[in-house]
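Letter by letter, the chains look like this.
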Amino acid sequence: MERKGLGKRINTVRKDRGFTADQLSELCNINATYLRQIEGGAKVPSLPVFITICNALKISPDYLLRDALKDNEVSKIQELTKLWENTSPRQQEIAIAMIRAVLEHRED
């Protein structure tokens, strides 16, 4: 996992939300020094701490982990969203009909 990217994103979102390191560490029930180590890339948070940070900052895990995540469901959804935004209403109707047809005839 890219520690510096994760820590930098946590730091950026924390500041954007108007939290000091002390305030966020209090919300997450962790030591402020530990939070600063995470933000500096010296430490990687445990899963429970990571989830607590995501909840406290109201940020999705995929945003914080984007350096570590390659091809996943979130990236596929984002790709579909970009494609969807660039289609006409008629093309969207056709795409929906195609998806429904595939789902109705899928092999179980």
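Heads up: these notes are all about the structure in this document.

Calculation notes
Residues numbered from 1 in each chain as written. Predicted model: local features only at pLDDT ≥ 70, side-chain atom pairs only at ≥ 80, totals over all residues. Heavy atoms only, no water. Helix = DSSP H or I, 4+ residues; strand = E, 2+ residues; numbered from the N terminus. Buried < 20%, exposed > 50% of the residue type's maximum accessible area, 1.4 Å probe, protein only. Polar contact = N/O pair within 3.5 Å; in protein donor to acceptor, adjacent residues only side chain to side chain. Contact = heavy atoms within 4.5 Å. Arc of directions from axis to C-beta. Salt bridge = Lys/Arg side-chain N within 4 Å of Asp/Glu carboxyl O.

### Side note on the side chain of Ser 25
Step number 1: Within the fold, Ser 25 resides in helix H2 (residues 21-27).
Step number 2: Judged by relative accessible area, Ser 25 falls into the buried class, the value being 5%.
Step number 3: Within the structure, Ser 25 has its side chain in polar contact with the backbone oxygen of Asp 22 (distance 2.8 Å).
Step number 4: Leave out the neighbours within four places in its chain, and Ser 25 touches Ile 30, Asn 31, Ala 32 and Leu 35.

### Details of helix H4 (residues 47-57)
Step number 1: Looking at H4, one finds that the buried residues are Val 49, Phe 50, Ile 53, Cys 54, Ala 56 and Leu 57. Burial along H4 is one-sided: seen end-on, the buried residues are contained in an arc of 165°. Along H4, the residues that are exposed and aim more than 90 degrees away from the buried face are Leu 47, Pro 48 and Asn 55.
Step number 2: Once H4 ends, the next one or two residues include Lys 58, with phi positive near 55°.

### Looking at the pattern of salt bridges
Step number 1: What the rule picks out here adds up to 4 salt bridges.
Step number 2: We note a salt bridge from Glu 39 to Arg 14, for which the minimum N-O separation is 2.6 Å. Highlighted residues: Glu 39 in helix H3 (residues 32-40) and Arg 14 in helix H1 (residues 3-16), separated in sequence by 25 residues. As far as the burial class goes, Glu 39 and Arg 14 line up, both buried.
Step number 3: Across the pair Glu 93 and Arg 90 runs a salt bridge whose closest N-O atoms are separated by 3.3 Å. Highlighted residues: Glu 93 and Arg 90, both in helix H7 (residues 89-104), separated by 3 residues, approximately one helical turn.
Step number 4: Residue Arg 90 is classed as exposed on the basis of its relative accessible area of 54%.

Treat this as a map of the structure, not an account of what it does.
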